[in-house]
Amino acid sequence: MTADSESRALGAFLKARRAQLSPRECGLPETDTARRVAGLRREEVARLAAISVDYYTRLEQGRVRASAPVLTTLARALRLDDDQQTYLYELAGRTDARPRPRRPAQRLRPAMGRLLGQLTDTPALVLGRRLDVLAWNPAATALYTDFAALAPHHRNYLRLLFTEPVVRQLHRNWSHDAREAVAALRMEAAADSGDPDLARLVGELSLQDADFRTWWAEHRVNSAGYGTKHYRHHLVGDLTLDCDTWTSPDGSGQRLMVLTAEPGSPSHDALRILTSWTTRQPDTDRQPSTDQAQDPTR
C-alpha cells in the first residue's frame, strides 16, 4: 500500500466517523438548516479540533499528513474510544512508503496446540492473523463445522461467517456477530495494512456480500476479547455461550478462543450432549501446523 492510499484510508475513517456523530453529542448547537449529509459537517469538526476548515478538508481528501498534535485534537473532537484512537494513530503513522517485509507462514505454537488438546469438553479454536482458523478441537467441530473437510484457504473465521451457510445459520444474532468480526479485522488491518492476504480476503468478501461492503466502509474497530454468543444448533437447539479470547504473549498474534456455558444452565446440558458425540482425540493431531503449507494459492 502506498503513502497516497494510506492517506486516503485515514481520510475515509475521518469522514465515516463524523457521519456517526450529531452536533448535540459534541456540544454544538442545533440549527434549523437542513443537512445534506449525516452527522457533523467538516467545518464543525474543524471548529471542535481548532484547525482550519481548509486543512481538515485536505486531511479527508488525503492531501496532507496529520501531525501528532492534530491527531490528538481530532481524537477528542470525534469522541474516539481507545480502539478508535489506536486505529487513527496506526493509519496516520503508516503514511510513509517504506516497504514492509511479508510475515512468515503462520504455524501453530506447540504450547497453544497442547493447551487446545486439553480442552475436551468445550469448543475452542486457535485464530491467527486475519482471523484464520489455525487449529480446533473436536467440540469446535461439533459446534461449527468440519474444519478438516474445508480447503485450507477457506478456514477463516470471517470467511465462514459470510460464506458458509451452516456457520451463518448457527448464529442467532448473525448481523451483530458478523459486524463485530468485521470490526476486529478492521483493527488488524490498521496494524498490518500491507498484508496481501488480508487485501485478498477483503476484496473477495466485498465482491460476495453487500453487508460486508457496508460494514467494512464504516471503519468500526473492536479489540474486545470476550462476549456472549447466541447459537441455534441443528442438533441440540439454542445455546448461550460465553466467548473468551486469550492472545499469545510471543507477538505471533495467535489467539485461543474458548466457548463455555454457565454450569447447570440448559446451554451447559446441551453442550455436554453435543460434545459427548465427538471423539476425544484432538483435531490438532490430525491437521498440519500451518494451513498455508498445503495451499498453493497463497
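Given the structure is predicted, the values throughout are model-derived calculations rather than measurements.

Draft legend 1. Focus on the overall build of the protein chain. A count of helices and strands for the protein chain gives 13 helices and five strands. Taken across its 298 residues, the protein chain has 50% of its residues classed as buried. In the protein chain, the share of contacts with a sequence separation of at least 24, taken over all contacts with a separation of at least 6, comes to 59%.

Draft legend 2. View of helix H5 (residues 82-92). Among all positions of H5, only Asp-83, Gln-84, Tyr-87, Leu-88, Leu-91 and Ala-92 are buried. Taken end-on, H5 shows its buried residues confined to a sector of 160 degrees, consistent with a single buried face. N-capping of H5 is provided by Asp-81, with a side-chain oxygen placed 3.2 Å from the backbone N of Asp-83.

Draft legend 3. Fine view of the packing of aromatic side chains. For the coordinates displayed, the defined rule picks out 10 aromatic pairs. A centroid spacing of 5.9 Å and a plane angle of 80 degrees characterise the contact between Tyr-144 and Tyr-231, whose relative ring orientation is edge-to-face. Placement of Tyr-144 in the loop between helix H7 (138-143) and helix H8 (157-163) and of Tyr-231 in strand S3 (residues 226-233) is noted, with a sequence separation of 87 residues between them. Cation over ring: Arg-168 sits above Trp-174, and NZ or CZ is 3.7 Å from the ring centre. Here Arg-186 stacks its cationic end above the ring of Trp-216, 4.0 Å away from the centre of that ring.

Draft legend 4. Just the environment of Ser-175, in detail. The residue Ser-175 is located in helix H10 (residues 174-191) in this model. Judged by its relative accessible area of 42%, Ser-175 is partly exposed. Separated by 36 residues in sequence, Ser-175 and Asp-211 place their C-alpha atoms 8.6 Å apart.

Draft legend 5. Main features of a nonpolar patch on the surface. A contiguous nonpolar surface patch, about 340 Å² in accessible area, is contributed by Leu-235, Ile-273 and Trp-277. In this fold, Leu-235 is placed in the loop between S3 and strand S4 (237-247).

Draft legend 6. Representation of the environment of Ala-124 within the structure. Tracing the chain through its elements places Ala-124 in strand S1 (residues 124-127). Placed 135 residues apart in sequence, Ala-124 and Leu-259 show a C-alpha to C-alpha distance of 6.3 Å. The contact partners of Ala-124, leaving out residues within four places of it in the chain, are Leu-116, Leu-119, Trp-136, Asn-137, Ala-140, Leu-256, Met-257 and Val-258.

Draft legend 7. Quick look at the pattern of salt bridges. Applying the stated criterion across every chain yields a total of 14 salt bridges. For Asp-197, the salt bridge is made with Arg-200, and the minimal N-O distance between the two is 2.5 Å. Of this pair, Asp-197 and Arg-200 both sit in helix H11 (residues 196-208), three residues apart, roughly one helical turn. Note on Arg-200: relative accessible area 39%, which makes it partly exposed. A cluster of three or more residues bridged by salt bridges with shared partners is formed by Arg-18, Arg-42 and Glu-60.

Draft legend 8. Structural view of the confidence of the model for the protein chain. Taken residue by residue, the protein chain gives an average pLDDT of 84. The fraction at 70 or more is 85%. When mean pLDDT is compared element by element in the protein chain, H8 scores highest at 97, while helix H1 (residues 3-19) scores lowest at 82. Across residues 94-100, confidence stays below pLDDT 50; counting only partners more than four residues off in sequence or on other chains, it has 16 contacts. For residues 279-298, every residue scores under 50 in pLDDT, and the model assigns this stretch 49 contacts once sequence neighbours within four places are set aside.

Draft legend 9. Layout of the nonpolar core. Judged by nonpolar contacts, the single largest core of 42 residues is most densely connected at Leu-125, Leu-143, Tyr-144, Phe-147, Tyr-157, Leu-158 and Phe-162. Here this core takes six residues from H10, the largest share from any one element. Discounting residues that sit within four places of it in the chain, Phe-162 has contacts with Arg-168, Trp-174, Ala-178, Val-182, Leu-205, Asp-209, Asp-211, Phe-212 and Trp-215. Residues Leu-28, Ala-66, Leu-71 and Ala-190 belong to the second largest nonpolar core, which totals 31 residues.

Draft legend 10. Main features of the packing of helix H4 (residues 68-77) against H5. Remark: H4 packs on H5, axes separated minimally by 11 Å, with the N-to-C direction vectors making an angle of 150 degrees. Taken together, the axes of H4 and H5 lie roughly antiparallel to each other. H4 and H5 meet at a crossing whose hand is right-handed. In this structure, H4 uses Ala-68, Leu-71, Thr-72 and Ala-75 to contact H5, whose residues at the interface are Gln-85, Leu-88, Tyr-89 and Ala-92. Across the contact of H4 with H5, the residue classes tally to six nonpolar, two polar and no charged.

Analysis parameters
- Residues numbered from 1 in each chain as written.
- Predicted model: local features only at pLDDT ≥ 70, side-chain atom pairs only at ≥ 80, totals over all residues.
- Heavy atoms only, no water.
- Helix = DSSP H or I, 4+ residues; strand = E, 2+ residues; numbered from the N terminus.
- Buried < 20%, exposed > 50% of the residue type's maximum accessible area, 1.4 Å probe, protein only.
- Contact = heavy atoms within 4.5 Å.
- Arc of directions from axis to C-beta.
- Polar contact = N/O pair within 3.5 Å; in protein donor to acceptor, adjacent residues only side chain to side chain.
- Phe/Tyr/Trp six-rings, centres within 6.5 Å; stacked < 30°, edge-to-face > 60°.
- Lys NZ or Arg CZ within 6 Å of the ring centre and 35° of its normal.
- Patch = residues over 30% accessible without salt bridge, like charges linked within 9 Å, V, L, I, M, F, W, Y side chains within 5 Å.
- Areas by Shrake-Rupley, 256 points an atom, 1.4 Å probe, with all protein chains shown as cover.
- Salt bridge = Lys/Arg side-chain N within 4 Å of Asp/Glu carboxyl O.
- pLDDT = per-residue confidence, 0-100.
- Core = buried A, V, L, I, M, F, W, Y, C linked by side-chain atoms within 4.5 Å.
- Axes fitted to C-alpha atoms, helices over the stretch in contact; angles between N-to-C directions.
- Parallel < 35°, antiparallel > 145°, perpendicular 65-115°, else oblique.
- Left-handed = near helix turned anticlockwise from the far one by under 90°.
- Nonpolar A, V, L, I, M, F, W, Y, C, P; charged D, E, K, R; others polar.

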